[in-house]
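The residues making up each chain are set out below.
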Amino acid sequence: MTQPVTARTWLAPALLGSAAALGASALHAVARTREAERREPPVGRFMTVDGVRLHYLERGRGEPLLLIHGNGTMIQDFLVSGIVDELAERYRVILIDRPGYGYSERPRGVWTPRAHATLFQKALQQLGVTQAVVLGHSWGSLVAVALALQAPGLVRSLVLASGYYYPTLRADVLLFSPPAIPVLGDVLRYTVSPLVGRLMLPGLIRTMFAPAPVPERFDRQFPKDLMLRPSQLRASAEDAALMTPVTVELQEHYRDLALPVVIIAGADDQVADVGRQSERLHGELPQSTLVVVPGMGHMIHHLAPAAVVAAVDQAARRPHARAA
């Protein structure tokens, strides 16, 4: 006579099987992380600011120029684009992996643009920088704005590239935020998220460059596997979740930016709508200059590097508004 199947009969094996699968996924994620870091070691040096270990790189001599990368990337994004080599001919270019990206640490906390800005201000002071031109790309543009608001004497002028400045409803926030949820997010980023991210990454990269094709140089040289490490997935998810809330606060202070601002964007950016973001900010800042490059997408420093370099030179030439 067969025994009746009860919940207890299958529940324990199912739980054990699930735990084993999650454990195997976590071990796989750790192994992939170690392999990615072995292939792509740090390219710069390290400093500790307020207990946070930051990875940074300096190139060239001249007026200090700080480059702040966007969500999901790292300082290699600027290096691969080629703009660092050209800018280093006349600037002291400083690149810092934002907390949680590349090889910079990200302690638990709420990493708003203002929290980034406080850390970067102290990092620049530690490097002996008293005044700098600051370029921020995408999410990094929010950090650049926050830094200019908090340390107006430190930031001489701004270049804001492909930025997001005003709150909008964004489907990608809901899609990419789960790894930021405490406990659940920790499980996801060591199990499901790296696998899903690996499947989605090619399409996401195409969207970042669209309507232009992904440059061969980026496809070949950018360390994509570093983007899929659990630590960086958490940082990217947290930044995605904060993107709309932080703009609600920051937009109240844009008119306080009494310094030269050059805003540059691709006309066909499919990540940050140019009309609702860059053009609107330009309208709010009478002293700003707007450069819109036809036919280009979100990764403007890769797609139109000469235009971005020219925007930096223009910002560096303009006198500070407070001294005008």
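Calculation notes
- Residues numbered from 1 in each chain as written.
- Predicted model: local features only at pLDDT ≥ 70, side-chain atom pairs only at ≥ 80, totals over all residues.
- Heavy atoms only, no water.
- Helix = DSSP H or I, 4+ residues; strand = E, 2+ residues; numbered from the N terminus.
- Buried < 20%, exposed > 50% of the residue type's maximum accessible area, 1.4 Å probe, protein only.
- Contact = heavy atoms within 4.5 Å.
- Axes fitted to C-alpha atoms, helices over the stretch in contact; angles between N-to-C directions.
- Parallel < 35°, antiparallel > 145°, perpendicular 65-115°, else oblique.
- Left-handed = near helix turned anticlockwise from the far one by under 90°.
- Nonpolar A, V, L, I, M, F, W, Y, C, P; charged D, E, K, R; others polar.
- Salt bridge = Lys/Arg side-chain N within 4 Å of Asp/Glu carboxyl O.
- Pairing = 2+ DSSP bridges.

Peer 1: Account for the overall build of the protein chain, naming residues and giving values.
Peer 2: What the protein chain contains, in helices and strands, is 14 helices and 8 strands. Split into buried and exposed, the 324 residues of the protein chain put 52% on the buried side. Within the protein chain, residue pairs in contact and separated by at least 24 positions form 81% of the contacts whose partners lie at least 6 positions apart.

Peer 1: Tell me about the side chain of Ser138, residues and numbers included.
Peer 2: Note that Ser138 resides in the loop between β5 (132-137) and α5 (139-150). For Ser138, a relative accessible area of 15% gives the class buried. When near neighbours in sequence (up to four residues on either side) are disregarded, Ser138 contacts Gly70, Ala161, Ser162, Gly163, Tyr164 and His298.

Peer 1: Can you lay out the packing of helix α4 (residues 113-126) against α5 for me, pointing to particular residues and giving the numbers?
Peer 2: Each pair of packed helices can be summarised by the angle the axes make with each other and by the distance between the axes. Here α4 crosses α5 at 65 degrees, and the two axes come no closer than 8 Å. Classified by the angle between their axes, α4 and α5 sit roughly perpendicular to one another. The two elements α4 and α5 cross, and the hand of that crossing is right-handed. Between α4, through Pro113, Arg114, His116, Ala117, Thr118, Phe120, Gln121 and Leu124, and α5, the contact on the second element is made entirely by Trp139, Leu142, Val143, Ala146, Leu147, Leu149 and Gln150. Residues of the contact of α4 with α5, tallied by class, amount to 10 nonpolar, 4 polar and 1 charged.

Peer 1: Explain the pattern of salt bridges to me, using residue names and the numbers behind them.
Peer 2: Opposite charge on two side chains permits pairing when their charged atoms draw close. In this structure the tally under the stated criterion is 18 salt bridges. Here Arg229 ties to Glu37 by a salt bridge, and the two come within 2.9 Å at their closest N and O atoms. Residue Arg229 is found in the loop between α10 (224-227) and α11 (230-250), and its partner Glu37 is found in helix α1 (residues 7-39); the two are separated by 192 residues along the sequence. Take Arg229: its relative accessible area is 2%, and that puts it in the buried class. Close ionic contact of Glu63 with Arg156 constitutes a salt bridge, the shortest N to O distance being 2.7 Å. Highlighted residues: Glu63 in strand β3 (residues 63-68) and Arg156 in strand β6 (residues 155-161), separated in sequence by 93 residues.

Peer 1: Talk me through the environment of Ser141; I want residue IDs and the actual numbers.
Peer 2: Tracing the chain through its elements places Ser141 in helix α5. Considering only alpha carbons, one finds Ser141 and Gly163, 22 residues apart in sequence, at a separation of 5.5 Å.

Peer 1: Please provide a residue-by-residue account of the sheet that holds strand β7 (residues 261-266), values included.
Peer 2: What the 8 strands build is an open sheet, ordered β1-β2-β4-β3-β5-β6-β7-β8; its pairing is mixed. Looking along the sheet, the strands with just one partner apiece sit at the ends: β1 (45-49) and β8 (288-293). Averaged over all adjacent pairs, the angle separating strand axes in this sheet is 25 degrees, with direction ignored. Relative to strand β4 (residues 91-96), β3 runs parallel, the two sharing 5 bridges. Across the sheet, residue Leu66 finds its bridge partner in β4, namely Ile94. Along the sheet face, helix α12 (residues 275-284) touches β6, β7 and β8 and points at about 155 degrees away from the line of β8.

Peer 1: Mind laying out unusual backbone geometry, listing which residues take part and the relevant values?
Peer 2: With an omega of 10 degrees, the peptide bond between Ala210 and Pro211 qualifies as cis. For Pro211, the location among the structural elements is in the loop between α8 (192-209) and α9 (216-221). Residue Ser138 is not a glycine yet carries a positive backbone phi of 55 degrees. Phi at Ser162 takes a positive value of approximately 50 degrees, unusual for a residue other than glycine. The residue Ser162 is located in the loop between β6 and α6 (171-176) in this model.

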